[in-house]
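# Results of the structural survey
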Amino acid sequence: MEDGFSSYSSLYDTSSLLQFCNDDSASAASSMDVTDRIASLEQRVQMQEDEIQLLKSALADVVRRLNVSEEQQAMGSRRGPTKARPMIATLPLRPTVNNGNVLPKKGTLPSPSGPGSRKDTSTPANKSTVRRTNSNEHVGTLTRKDSGESKGNRTRAGSTGSNSSGKRSDSKQRDPVFNAGMRRVTHCKEEGYVRMYLKGRPITMYMPKEQVDSYCLEARAELPSNKLKLDWVYGYRGRDCRSNLYLLPTGETVYFLASVVVLFNVDEQLQRHYTGHTDDIKCLAVHPDKITIATGQVAGTSSDGKQLAPHVRVWDSVSLNTLHVLGSGFFDRALVCLAFSKSNGGNTLCVVDDSNDHVLSVWDWQREDRLAEVKCSNESVFAADFHPTDSNIIVTCGKSHLYFWSLEKGTLVKKQGLFEKQEKPKFVLCVTFAENGDAITGDSSGNILVWGKGTNRISHVIPGAHEGSIFTLCMLRNGTLVSGGKDRRLVSWDSGYQQIQTVEVPELFGPIRTIAEGRGETVLIGTTKHFVLQGSLDGDFIPITQGHTDELWGLAVHPWKPQFLTCGFDRQVCLWDSSSHQLIWTKSMEDSAQSAGFHPSGAVVAIGTQTGRWLVLDTDSKDLVTVHTDGNEQLSVMSFGPDGNFLAIGSHDNYIYIYAVAENGRKYSRVGKCSGHSSFITHLDWSVDSQYLVSNSGDYEILYWIPSVCKQVVSVETTRDIEWATYTCTLSFHVFGLWPDGSDGTDINAACRSNDKSLLVTGDDFGKVHLFSHPCSQFRAPSHVYGGHSSHVTNVSFLYDDSYLVSTGGKDMSVMQWRIV
């Protein structure tokens, strides 16, 4: 036994990790700023935590399997030979070692940019995406070159320690073996299983008996005949973006969310989508012709995982064709401001990026030619716009500054706005222009300042126009100035800057982020709580679109209606109608929501939170039916059995809590908890007859249960032929083909099989939705891939009749509805 444990410890040699963590040469040699140093330290700590977690799960695994082994030996005379997995083969192995460094978990690799290169950092909203991009490149190239052989040797050595006969090890040598980055797949025909390795950990998946003789690992899977088409995008990005809402002459309202620009015709209730971007869109400008549109995005990733630079796309809003792509390789991190010139036919475009110097550049966009560039400010820049009658004058504003720029012979010359007797505000937040050419600014002190045309001096002050920050100014066609801000007030001013009227937007909608002129007397308002409102200067605001305001994980589809429910960290639960694209109801909660599941009757829906509390709501009235608490960690899965008699709750405390359900989902009594996983629960599926449950966990374990008695089922012969009502588990024989090459086991967040059993859809960490054929039990199964999300896709689900698919985004906070075609 001591020899056995020493062999385990050799698998977890951490010397290379310590060597890497103590190597300060990289930080000493490079000119990293404080932020980069902190990020580097965070990465090192994360690597150590990963190693500790791996050791913990390995030890728990050893103890548990020793107990199982003793029980099986005691019962061996009655049961005969056991099919338990070999203990040594199920231990997680350490991450692949390359060049003396342990490859850290995805998203924790140091930035590849050296001194002097443009940094790959970006805004917090897409930080995780960018870091994943870098690590994806590293993991892909390093492991494909070096790790295949070493991992193969290590796992083969491990398998020789199994409790198998000599005959079995001979047959294993003849099994087909595939290597793909961090994933290795073998097929044992005699016992009818496929074994896949994720991060060195073996996952054994038994196939149904009827497939044992006919299954071939080398067979090629087919692409599904169906495809997806983006049908609707729910939400709007107002929390951290400005000037991103306009009305086009076609009657379409244009705005963006995630990496999609939405053109929404409110009268006809139709959406069109421009999907040329690959990551978060941060700014938008409409050309004076009202047809051409420019949008700017953050640094992103291509479909094959390569890094894409931030850039501007100029496109036609009628045909949705991309006309020009500007600045790839020039801009840094992201783009924050865009504006077309007004007086020279809109031939020039000014752009401000999110680099440390917030570089202002001017482009002849039709020739894709950069005319001038200058360091704008080392502080945040919030707005940039051309003067309406002089295309050589640009005004920029932001933290502690207001600059008037003149374009002279290819050079931008700066004049600073002089506040003189007026107290200088901390932030100048927005700028627009009067008919006579005066510049008008709104600031964080709640003042509106007027700057005389051609000068950098204040000509008029409206003190205390708002209580708190003024986020937006809009000059209407009739010369009326409209302002809006943190105080939720919409105020209109005449040409002499006298107040005409004021109206307050209800608190539910949040502070006013941007104002745009609508048809006739109407105005459009975008708010920081992600509403787009349509109304007038007299009030009467109607939301035309709305969405979540924080990370989104919970998704549940109604069992027999075209409805679905979403919930997230913003503590909002929303029930949507997929046919009318309308919000049916929303309910605020005390805790951040993590998961949801409908009762098979559709009468109630269960919501799991991040604190261990879970609630049941009446689907029609949204009234609270009951509330319970299990543990104090997040509840990742809420799943009712198909017959409606049981509720299974998967928690981050490694347990599955089982409740008996009565009175059509209105009465709950705890049966017990299923204990056996050594890591947090990620997915659950019920059998068609509601007698069995299968679960996946964070350490890639597959366990089977009889939920009515909370007992684990270890007999392979019992579990291999069970018919499952759903396939949301990402680890099973019928779906293992969904795992991509080089995966570390955390790439796929969610999976769902269509109700007609022909399709399988997944959501991954790279903002992509994949559509596979089902069953998906061939290695490297091909898929149709769809972009739109700009963050990890947290959940996917087909509607009850397979008419639509719904996907939710994490950091992008979006809900997208796809039509199956």
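Remember, predicted model here, so these are calculated numbers, not experimental data.

### Let's talk about the overall build of the chain
Counting its secondary structure elements, the chain contains 8 helices and 60 strands. By the burial criterion, 58% of the 821 residues in the chain qualify as buried. The contacts in the chain between residues at least 6 apart in sequence include a share of 51% that link residues at least 24 apart. For the chain, the computed accessible surface area is about 32,700 Å², with 49% contributed by carbon and sulfur atoms.

### Overview of the nonpolar core
Membership of the largest hydrophobic core comes to 42 residues, with the highest contact counts inside it found for Leu228, Phe564, Val761, Val769, Phe798, Leu805 and Trp818. When residues of this core are assigned to their parent elements, the largest contribution, 5 residues, is made by strand S7 (residues 228-234). Apart from residues no more than four positions distant in its own chain, Trp818 is found in contact with Leu228, Lys229, Leu230, Asp231, Val769, Tyr786, Gly787, Ser803, Tyr804, Leu805 and Ser807. Residues Leu217, Val694, Tyr700 and Phe779 belong to the second largest nonpolar core, which totals 30 residues.

### Focus on the packing of aromatic side chains
In this structure the tally under the stated criterion is 24 aromatic pairs. Judged by centre distance (5.9 Å) and plane angle (45°), the ring pair of Phe382 and Phe427 falls under tilted. With Phe382 in strand S22 (residues 381-386) and Phe427 in the loop between strand S25 (411-416) and strand S26 (428-433), the pair connects residues that are 45 residues apart, well separated along the chain. We classify Phe382 as buried; its relative accessible area is 18%. On the basis of an interplanar angle of 40° and a centroid distance of 6.2 Å, the ring pair of Phe733 and Phe736 is categorised as tilted. A relative accessible area of 0% places Phe736 in the buried class. Clustering of aromatic rings is evident, with ring pairs tying together Trp614, Phe640, Tyr659 and Tyr668.

### A closer look at the pairing of strand S40 (residues 572-577)
Buried residues dominate S40, accounting for 5 of its 6 residues. Across 5 bridges, strand S39 (residues 563-568) lies against S40 in antiparallel orientation. Bridging across to S40, Cys567 finds its partner in Val573. Where S40 meets strand S41 (residues 582-588), 6 bridges bridge the pair, whose relative direction is antiparallel. From the neighbouring strand, Asp577 faces S41, where its bridge partner is Gln582. Linking two consecutive strands that pair antiparallel, namely S40 and S41, is a turn of 4 residues; a positive phi of about 60° is found at His581 within it.

### A few points about unusual backbone geometry
For the bond from His774 to Pro775, the omega torsion is 0°, close enough to zero to count as cis. In this structure, Pro775 sits in the loop between strand S56 (769-773) and strand S57 (784-786). Not every positive phi belongs to a glycine, and Gln269 is a case in point at roughly 50°. The residue Gln269 is located in the loop between strand S10 (260-265) and strand S11 (270-274) in this model. Residue Gln269 is classed as partly exposed on the basis of its relative accessible area of 29%. Phi is positive for Glu663, close to 55°, though the residue is something other than glycine. Relative to the assigned elements, Glu663 resides in the loop between strand S48 (656-662) and strand S49 (667-674). Using a relative accessible area of 55% as the deciding quantity, one classes Glu663 as exposed.

### Overview of the environment of Arg272
Along the chain, Arg272 falls in strand S11. Leaving out residues up to four positions away in the same chain, Arg272 has contacts with Glu252, Val261, Val262, Leu263, Ser317, Val318 and Leu320. Here the side chain of Arg272 touches Glu252 through a polar contact of 2.9 Å, side chain to side chain. Polar side-chain contacts of Arg272 include one of 2.9 Å to the backbone oxygen of Val318.

### So, the pairing of strand S29 (residues 458-462)
In this structure, strand S28 (residues 448-451) lies alongside S29, joined through 4 bridges in antiparallel fashion. Residue pairing across strands places Trp451 opposite Ile458, the latter belonging to S29. Connecting S28 to the next strand, S29, in antiparallel fashion are 6 residues, including Gly454 with a positive phi near 80°.

### Focus: the sheet that holds strand S44 (residues 613-618)
The antiparallel open sheet is built from 4 strands, whose spatial order is S42-S43-S44-S45. Of all the strands in the sheet, the pair left with one neighbour each is strand S42 (593-598) and strand S45 (624-629). Between one strand axis and the next, the sheet turns through 20° on average, direction left out of account.

### Focus on the pattern of salt bridges
Summed over all chains, the structure comprises 24 salt bridges. Two residues, Lys342 and Asp385, come together in a salt bridge whose shortest N-O distance is 2.6 Å. Of this pair, Lys342 sits in the loop between strand S18 (335-340) and strand S19 (348-353) while Asp385 sits in strand S22, and the two are 43 residues apart along the sequence. What emerges from the salt-bridge pattern is a single network uniting Lys209, Glu717 and Arg720.

### Notes on the side chain of Arg195
Here Arg195 is to be found in strand S5 (residues 193-198). It is Glu191 that comes nearest to the buried, bridge-free Arg195 among opposite-charge side chains, at 7.4 Å. Only 2.9 Å separates the side chain of Arg195 from the side chain of Thr204, close enough to count as a polar contact.

### A word on the sheet that holds strand S27 (residues 439-443)
In spatial order, the strands read S26-S27-S28-S29; together these 4 strands make up an open sheet with antiparallel pairing. Every interior strand has two partners, whereas the edge strands, S26 and S29, have only one. Across the sheet, the axes of successive neighbouring strands diverge by a mean angle of 20°, strand direction being ignored.

### Digging into the confidence of the model for the chain
Per-residue confidence for the chain averages 84 on the pLDDT scale, and 81% of its residues sit at or above 70. For residues 1-32, every residue scores under 50 in pLDDT, and the model assigns this stretch 41 contacts once sequence neighbours within four places are set aside.

### Section: the side chain of His358
With respect to the helices and strands, His358 occurs in the loop between S19 and strand S20 (359-364). Taking the relative accessible area as the measure of exposure, His358 reaches 7% and is therefore buried. Polar contacts involving the side chain of His358 include one to the main-chain carbonyl oxygen of Glu379, which spans 3.1 Å. In this structure, His358 is in contact with Val352, Asp353, Val374, Lys375, Cys376, Ser377, Asn378, Glu379, Ser380 and Val381, ignoring residues within four places of it in sequence.

Cut-offs applied
- Residues numbered from 1 in each chain as written.
- Predicted model: local features only at pLDDT ≥ 70, side-chain atom pairs only at ≥ 80, totals over all residues.
- Heavy atoms only, no water.
- Helix = DSSP H or I, 4+ residues; strand = E, 2+ residues; numbered from the N terminus.
- Buried < 20%, exposed > 50% of the residue type's maximum accessible area, 1.4 Å probe, protein only.
- Contact = heavy atoms within 4.5 Å.
- Areas by Shrake-Rupley, 256 points an atom, 1.4 Å probe, with all protein chains shown as cover.
- Core = buried A, V, L, I, M, F, W, Y, C linked by side-chain atoms within 4.5 Å.
- Phe/Tyr/Trp six-rings, centres within 6.5 Å; stacked < 30°, edge-to-face > 60°.
- Pairing = 2+ DSSP bridges.
- Polar contact = N/O pair within 3.5 Å; in protein donor to acceptor, adjacent residues only side chain to side chain.
- Axes fitted to C-alpha atoms, helices over the stretch in contact; angles between N-to-C directions.
- Salt bridge = Lys/Arg side-chain N within 4 Å of Asp/Glu carboxyl O.
- Lys, Arg positive; Asp, Glu negative; His and termini not counted.
- pLDDT = per-residue confidence, 0-100.

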